[in-house]
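The lines below spell out each chain.
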Amino acid sequence: MPVLTTPSVQLYYEVHGDGPNLLFVSGLGGGTWSWYGQIPYFSRHYRTIVFDNQGAGRSSMPSGPYSMKDFAQDTLALLDHLGIDRCFMVGLSMGGMIAQQTALNAPERFDALVLGCTHPGGLLKIPPSSQVLARFTNNQGLSQEEIVTKNLPFFFSPEALAQHKEAVETYKSVQIHAPWQPQEAFFSQLAAIQDFDATHGLPHLRVPTLVVTGTEDVLVPGANAHLLAKLLPHAILVELEGAGHAIHAECRDTLNAVIHDFLTDPVRASRKSPRRRRISCSRPQ
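About the criteria used
- Residues numbered from 1 in each chain as written.
- Predicted model: local features only at pLDDT ≥ 70, side-chain atom pairs only at ≥ 80, totals over all residues.
- Heavy atoms only, no water.
- Phe/Tyr/Trp six-rings, centres within 6.5 Å; stacked < 30°, edge-to-face > 60°.
- Buried < 20%, exposed > 50% of the residue type's maximum accessible area, 1.4 Å probe, protein only.
- Core = buried A, V, L, I, M, F, W, Y, C linked by side-chain atoms within 4.5 Å.
- Contact = heavy atoms within 4.5 Å.
- Disulfide = S-S within 2.5 Å.
- Helix = DSSP H or I, 4+ residues; strand = E, 2+ residues; numbered from the N terminus.
- Pairing = 2+ DSSP bridges.
- Axes fitted to C-alpha atoms, helices over the stretch in contact; angles between N-to-C directions.
- Polar contact = N/O pair within 3.5 Å; in protein donor to acceptor, adjacent residues only side chain to side chain.

Draft legend 1. Seen up close, the packing of aromatic side chains. Counted under the stated rule, the structure contains twelve aromatic pairs. When the centroid spacing of 5.9 Å and the interplanar angle of 85 degrees are considered together, the rings of Tyr-66 and Phe-71 count as edge-to-face. One exposure class covers both Tyr-66 and Phe-71, and it is buried. Members of the aromatic cluster, each reached through a chain of ring pairs, are Phe-136, Phe-154, Phe-155, Phe-156, Tyr-171, Phe-186 and Phe-187.

Right under this line is the structure:
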């Protein structure tokens with residue numbers, strides 16, 4: 001089992017395929033398993049690296065709260081461990097926040113970023129409704145299957161839940177069989193999200209960046225993507241029409257193609273017009 005041991009944590013990771021280095025960073029409670037829809041596609045073109053953040057999966061779970069700087073330190077330590085000087089980095093949700101902090105800490109190590117369904121933190125971020133946040137974080141007494149089922153409306157659009165049940169059930173099965181995350185680790189990761197603020201640094205980040213959001217995202221409202229695209233000097237924005245928060249699952253094929261197209265020539269992509277596009281979400285059947 002590949003594990004990186006640092007003075008503070010042990011990080012479980014996986015490497016798939018060969019080619020340019022491409023690092024995926026998972027969101028709250030997620031890990032290597034989150035990328036079941038990406039690894040088979042991207043490992044044909046890239047050396048694809050996935051890992052479990054501290055507090056999730058098979059990585060260690062030190063007492064919290066955690067911070068984005070902790071996660072960024074772990075991410076850079078993994079790149080050092082693998083001998084990677086430069087790479088592409090994709091982060092979704094909390095993973096997008098980790099990606100922002102990591103790139104701010106070491107911008108020279110990234111050829112391009114993809115930030116999906118995420119926000120820049122601070123006072124400018126647009127939070128979910130209080131009702132959504134309260135229900136999403138209230139897992140008291142629930143089994144893993146009950147938590148996953150409860151959260152499906154926060155991750156998928158109403159259309160996907162009603163008409164694309166196979167994709168939803170695949171996601172549900174993967175999440176149910178993922179390693180259990182204790183509630184103290186969940187709230188330690190959540191604390192990092194609540195304290196995160198990259199708004200002052202992003203205007204100085206010159207890395208070509210693709211920002212992606214679903215127009216029906218209730219956990220991280222799409223207005224945050226517009227804010228990111230405005231703050232970042234070399235960003236383009238893609239909105240996935242009708243998609244919820246879990247764009248990597250609901251819009252798997254569309255998202256994979258959009259990311260791959262961007263990474264083929266991120267400098268050219270970040271300079272061409274229009275800087276904002278809205279495209280249809282092609283959902284797995």
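Continuing now.
Draft legend 2. Representation of the nonpolar core. With 56 residues, the main nonpolar core has Leu-23, Met-68, Leu-78, Met-89, Phe-110, Phe-155 and Phe-156 as its most contacted residues. Every residue in contact with Met-89, bar those within four places of it in the chain, is listed here: Leu-22, Leu-23, Val-25, Thr-75, Ala-99, Thr-102, Ala-103, Phe-110, Ala-112, Leu-113 and Val-114. The next biggest cluster of nonpolar side chains, apart from the first, holds 29 residues, and it includes Leu-22, Ala-112, Leu-210 and Ile-247.

Draft legend 3. Just the state of the cysteines, in detail. All chains considered together, the criterion is met by one disulfide. Across the disulfide from Cys-251 sits Cys-281; the S-S distance is 2.0 Å. The chirality of the disulfide connecting Cys-251 with Cys-281 is left-handed, given an S-S dihedral of about -110 degrees. Pair noted here: Cys-251 is in the loop between α10 (247-250) and α11 (252-264) and Cys-281 is in the segment after β9 (276-280), with a separation of 30 residues, a long-range link. Of the residues examined, Cys-251 reaches a relative accessible area of 0% and is grouped as buried. Of the residues examined, Cys-281 reaches a relative accessible area of 10% and is grouped as buried. Unpaired in this structure, Cys-87 has its nearest cysteine sulfur neighbour in Cys-117, at a distance of 19 Å. By relative accessible area, which is 2% here, Cys-87 ends up buried. This cysteine, Cys-117, is not joined by any disulfide, and Cys-251 carries the nearest cysteine sulfur, 10 Å off.

Draft legend 4. Focus on the sheet that holds strand β3 (residues 21-25). One open sheet accounts for nine strands, arranged β1-β2-β4-β3-β5-β6-β7-β8-β9; its pairing is mixed. Pairing within the sheet leaves two strands with one partner each, and these edge strands are β1 (3-5) and β9. Along the sheet, successive strands turn relative to each other by an average axial angle of 20 degrees, direction set aside. Relative to strand β4 (residues 47-51), β3 runs parallel, the two being bridged by three bridges. Following the sheet pairing, Leu-23 is matched in β4 by Ile-49. Helix α9 (residues 223-231) contacts β6 (110-116), β7 (209-214), β8 (235-241) and β9 of the sheet and is inclined by roughly 165 degrees relative to β8.

Draft legend 5. Structural detail: the side chain of His-119. Position of His-119 relative to the elements: it lies in the loop between β6 and α4 (130-137). Here the side chain of His-119 touches Gly-121 through a polar contact of 2.9 Å, landing on its backbone nitrogen. With residues up to four places along the chain from it excluded, the contact list for His-119 reads Met-97, Gln-100, Lys-125, Ile-193, Phe-196, Val-220, Asn-224 and Leu-228.

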